[in-house]
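Take a look at the letters that make up each chain.
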Amino acid sequence: MDKILRDKKVICILLVPAVLLFTCTVAVPLGWSFYYSLFNWNGVSKMKFSGLDNYIKLLSDQNFIISFRNNLFFMIVNVVGQVGIALIVAILLTCIDKGRNLFKTVYFIPTILSAVALAQFFQKFFGLEPVGVLNALLEMVGLGHMQKAWLGDSATAMGAVIIIECYKSMPLYMVILYSGLLSIPDDVIEAARVDGAYGWKLFVNIKLPYLYSVLTVTLVMAVNGLLKAFDVPFITTYGGPGRSTELVATYMYKVAFASTKYGYASTIAVFLVVESVLLVSILRKFMSGRKSAV
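Residues numbered from 1 in each chain as written. Predicted model: local features only at pLDDT ≥ 70, side-chain atom pairs only at ≥ 80, totals over all residues. Heavy atoms only, no water.

A. Quick peek at the overall build of the protein chain. Looking only at helices and strands, the protein chain has 13 helices and two strands in total. Once the C-alpha set of the protein chain is aligned to its principal axes, its extents read approximately 75 × 70 × 30 Å. Residues counted as buried form 38% of the 294 residues belonging to the protein chain. Expressed as a percentage of contacts within the protein chain between residues at least 6 apart in sequence, the contacts between residues at least 24 apart total 65%. Counting only carbon and sulfur atoms, one obtains 69% of the accessible surface of the protein chain, whose full area is about 17,100 Å². (Helix = DSSP H or I, 4+ residues; strand = E, 2+ residues; numbered from the N terminus. Buried < 20%, exposed > 50% of the residue type's maximum accessible area, 1.4 Å probe, protein only. Contact = heavy atoms within 4.5 Å. Areas by Shrake-Rupley, 256 points an atom, 1.4 Å probe, with all protein chains shown as cover.)

Right, here's the structure in full:
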């Protein structure tokens with residue numbers, strides 16, 4: 001078997017399905033997006049070649065700039081919330097015995113729920129008319145003056161959307177990090193404890209170096225997903241109120257299907273791809289450097 005797997009022809013044959021899938025679902029659509037980005041086109045009339053005009057327009061489009069800033073803020077806070085809290089929960093899970101499987105099952109439920117169902121639930125949860133759970137709780141504890149439509153106020157809408165996104169995705173990263181913690185050899189942990197390493201010292205000096213590869217994968221998944229986030233902000237707020245929760249993906253959707261500017265929308269799509277590749281590459285390089293330094 002090992003001899004067969006070392007055969008370059010066999011390797012190429014085994015790679016063909018994956019390469020074909022990647023080509024059809026990623027490379028070809030990306031190529032078409034770049035092609036359309038060079039034109040002004042509404043989807044019906046004749047396409048008019050515009051060269052790099054759409055890219056130049058992108059740099060001065062205030063709505064795009066606002067959505068880009070919102071997206072960066074949305075990504076940074078969510079990465080800290082999702083991965084950070086997921087790591088804490090994963091560590092706590094390794095410290096308990098009774099009810100661990102039940103807790104993991106219940107905790108993972110938000111990940112398998114439909115984003116539409118989850119968004120609808122939180123619209124009611126944060127609602128004011130009728131009074132949602134959060135506002136009802138505020139009334140119960142004597143903070144009724146703080147009641148508001150949390151998703152309808154530009155000052156709180158982004159925070160509410162971030163909470164929903166964090167709640168939806170965090171359990172997935174918890175499971176990944178928990179698996180990484182379980183893969184650490186028991187004899188290494190025991191040897192460290194014999195040498196006097198406990199608590200924070202044990203985690204930083206022993207567990208974290210073993211966890212770096214898994215943590216890197218988790219961070220890459222989180223960053224890549226959050227840069228292209230669409231469903232939760234779109235369903236709960238439609239990018240509003242105003243443009244307080246507008247992200248790059250929601251703005252691209254509106255440009256394409258509300259304004260029917262498919263060429264310009266394709267330019268935003270190309271930007272999303274380039275942005276994701278650059279940030280993920282920087283993150284991987286940073287994590288590789290940190291791993292070497294540990």
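B. Expanded view of helix α8 (residues 157-182). When the terminal C-alpha atoms of α8 are compared, their 38 Å separation across 26 residues agrees well with the 38 Å that a helix rising 1.5 Å per residue should span. Taken as a whole, α8 carries its principal kink of about 35° at S169; the proline P171 stands between one and four residues after it. (Expected span 1.5 Å × (residues − 1). Bend = angle between axes of the 7 residues up to and from the residue.)

C. Examining the confidence of the model for the protein chain more closely. Within the protein chain, residue pLDDT values average 88, and 96% of them lie at 70 or more. At the low end of the mean pLDDT range in the protein chain sits helix α1 (residues 2-5), at 60; at the high end sits helix α12 (residues 248-258), at 94. (pLDDT = per-residue confidence, 0-100.)

D. Expanded view of the pattern of salt bridges. Within this structure, the stated rule accounts for five salt bridges. Across the salt bridge formed by K168 and E165, the nearest N and O atoms sit 3.7 Å from each other. Pair noted here: K168 and E165 are both in helix α8, with a separation of three residues, about one helical turn. Using a relative accessible area of 15% as the deciding quantity, one classes K168 as buried. With a relative accessible area of 5%, E165 lands in the buried category. A single salt-bridge network, built from bridges that share partners, covers R243, E246 and K254. (Salt bridge = Lys/Arg side-chain N within 4 Å of Asp/Glu carboxyl O.)

E. Unusual backbone geometry, seen in detail. That bond from E129 to P130 is cis: its omega, 0°, falls within 30 degrees of zero. For P130, the position within the fold is in the loop between α6 (115-125) and α7 (133-140). Cis geometry is found at the peptide bond from G240 to P241, where omega equals -5°. Along the chain, the position of P241 falls in the loop between α11 (231-237) and α12. For Y238, which is not a glycine, the phi torsion comes out positive at approximately 55°.

F. Structural view of the packing of helix α4 (residues 62-93) against helix α5 (residues 100-112). One can describe the packing of α4 onto α5 by two numbers: an axis separation of 11 Å at closest approach and a directional angle of 160°. As judged from the angle between their axes, α4 and α5 are roughly antiparallel. Here the hand of the crossing between α4 and α5 comes out left-handed. Here I85, V89 and L93 of α4 come into contact with α5, specifically with R100, F103, K104 and Y107. Per-class residue counts for the contact of α4 with α5 are five nonpolar, no polar and two charged. (Axes fitted to C-alpha atoms, helices over the stretch in contact; angles between N-to-C directions. Parallel < 35°, antiparallel > 145°, perpendicular 65-115°, else oblique. Left-handed = near helix turned anticlockwise from the far one by under 90°. Nonpolar A, V, L, I, M, F, W, Y, C, P; charged D, E, K, R; others polar.)

G. Region of the structure containing the nonpolar core. In terms of nonpolar packing, the biggest core is built from 51 residues, with F74, V79 and M174 touching the most fellow members. Only α4, α6, α8, α9 (186-194), α10 (199-227) and α13 (262-293) provide two or more residues apiece to this core. With 13 residues, α10 is the single largest residue contributor to this core. Once residues within four sequence positions are removed from consideration, V79 is found in contact with G84, L219, A222, V223 and L226. (Core = buried A, V, L, I, M, F, W, Y, C linked by side-chain atoms within 4.5 Å.)

H. Examining the packing of aromatic side chains more closely. A full pass over the atoms with the stated rule returns 22 aromatic pairs. Within the aromatic cluster, the residues linked to one another by ring pairs are W32, Y35, Y36, F39, W41, F49, F230, F234, Y238, Y253, F257 and Y262. (Phe/Tyr/Trp six-rings, centres within 6.5 Å; stacked < 30°, edge-to-face > 60°.)

I. Representation of the environment of Q82 within the structure. Residue placement: Q82 occurs in helix α4. Along the sequence, Q82 and A149 sit 67 residues apart, while their C-alpha atoms lie 24 Å from each other. Apart from the residues within four sequence positions on either side, Q82 is in contact with E165, C166, S169, M170, Y173, A222 and L226. From its side chain, Q82 meets the backbone oxygen of E165 in a polar contact 3.4 Å long. (Polar contact = N/O pair within 3.5 Å; in protein donor to acceptor, adjacent residues only side chain to side chain.)

J. Region of the structure containing the side chain of K254. Tracing the backbone through its elements, the reader meets K254 in helix α12. Polar contacts involving the side chain of K254 include one to the side chain of E246, which spans 2.9 Å.

K. Just a nonpolar patch on the surface, in detail. A surface patch of nonpolar side chains, about 560 Å² in accessible area, is lined by V133, L137, M140, V141, L143 and M146. You can see L137 is positioned in helix α7. (Patch = residues over 30% accessible without salt bridge, like charges linked within 9 Å, V, L, I, M, F, W, Y side chains within 5 Å.)

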